[in-house]
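# Coordinate inspection notes
The primary structure of each chain is shown beneath.
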Amino acid sequence: MTVDVLTHDEETASAPAEAPASTPEVSADEATVTESASPSSEGSAEPAAEEAPKPKRGRPKGATASTAKKTRTVELILTVTGTADGEWQAELKNGSKWVAKGLEIPAAAVSRAAKELHADLSGPIDEVINQAREAQAAKVAALEAELEKAKQALAELDA
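Residues numbered from 1 in each chain as written. Predicted model: local features only at pLDDT ≥ 70, side-chain atom pairs only at ≥ 80, totals over all residues. Heavy atoms only, no water.

## Quick notes on the overall build of the chain
Across its full length, the chain carries 4 helices and 3 strands. For the chain, the succession of helices and strands along the chain, N to C, is α-α-β-β-β-α-α. Looking at the 159 residues of the chain, the share that counts as buried comes to 8%. A sequence separation of at least 24 residues applies to 19% of the contacts in the chain between residues at least 6 apart. As displayed, the chain has an accessible area near 14000 Å², and 55% of this comes from carbon and sulfur atoms. (Helix = DSSP H or I, 4+ residues; strand = E, 2+ residues; numbered from the N terminus. Buried < 20%, exposed > 50% of the residue type's maximum accessible area, 1.4 Å probe, protein only. Contact = heavy atoms within 4.5 Å. Areas by Shrake-Rupley, 256 points an atom, 1.4 Å probe, with all protein chains shown as cover.)

Right, dumping it as structure tokens:
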């Protein structure tokens, strides 16, 4: 778009001789051109540089700097401990806050949970459970032998 702007001197020089110098004549075409050259935000196809707002500091709202999907991570720490006697406990921590401490859980539940989670977890856990089972079976056998001796001693005293 081309805009011709006339200065005051040019207007008076180009004005007809009949018109007084203090009131220059402006044709309708010139008035239209002058109007369209004035800054307005409604109908202008090309906004002027002065009209553009200055960008605000920081990240624009609603726009993300990267296209990567941001996921929220939650840190939960589940600690399962077992003893040689086959007693199992669980503790759960959410960040730095304890959710549960010292919960007694059955060995069968630990074994099932390990199988559900991953085969690499279930193998070592099942070994520990089997060792505890063997230790308990040995303990039961020793207690049964002691019980049998106690029954014999009682029978001798009654006779």
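That covers the picture; the talk isn't over yet.
## What about the packing of helix α3 (residues 107-117) against helix α4 (residues 119-158)?
Following both chains from N to C, one finds α3 and α4 inclined at 160°, their axes separated by 8 Å at the closest point. One element, α3, and the other, α4, form an angle in the roughly antiparallel class. Handedness of the crossing formed by α3 with α4: left-handed. Seen from α3, the contacting residues are A107, V110, S111, A114, K115 and L117; seen from α4, they are L121, S122, I125, D126 and I129. Taken together, the residues of the contact of α3 with α4 sort by class into 7 nonpolar, 2 polar and 2 charged. (Axes fitted to C-alpha atoms, helices over the stretch in contact; angles between N-to-C directions. Parallel < 35°, antiparallel > 145°, perpendicular 65-115°, else oblique. Left-handed = near helix turned anticlockwise from the far one by under 90°. Nonpolar A, V, L, I, M, F, W, Y, C, P; charged D, E, K, R; others polar.)

## Quick look at the packing of aromatic side chains
For the structure shown, the criterion picks out 0 aromatic pairs. Over the aromatic face of W98 sits the side chain of K101, whose NZ or CZ is 4.6 Å from the ring centroid. (Phe/Tyr/Trp six-rings, centres within 6.5 Å; stacked < 30°, edge-to-face > 60°. Lys NZ or Arg CZ within 6 Å of the ring centre and 35° of its normal.)

## With respect to the confidence of the model for the chain
Averaged over all residues, the pLDDT of the chain is 76; the fraction at 70 or higher stands at 60%. Ignoring residues within four places in sequence, the model shows residues 26-38, a span with pLDDT below 50, making 6 contacts including any to other chains. (pLDDT = per-residue confidence, 0-100.)

## Quick notes on the sheet that holds strand β1 (residues 76-82)
Across the sheet, 3 strands lie side by side as β1-β2-β3; this open sheet has antiparallel pairing. Of all strands in the sheet, those bounded by a partner on one side alone are β1 and β3 (97-105). Across the sheet, the mean angle separating the axes of adjacent strands is 15° when strand polarity is ignored. (Pairing = 2+ DSSP bridges.)

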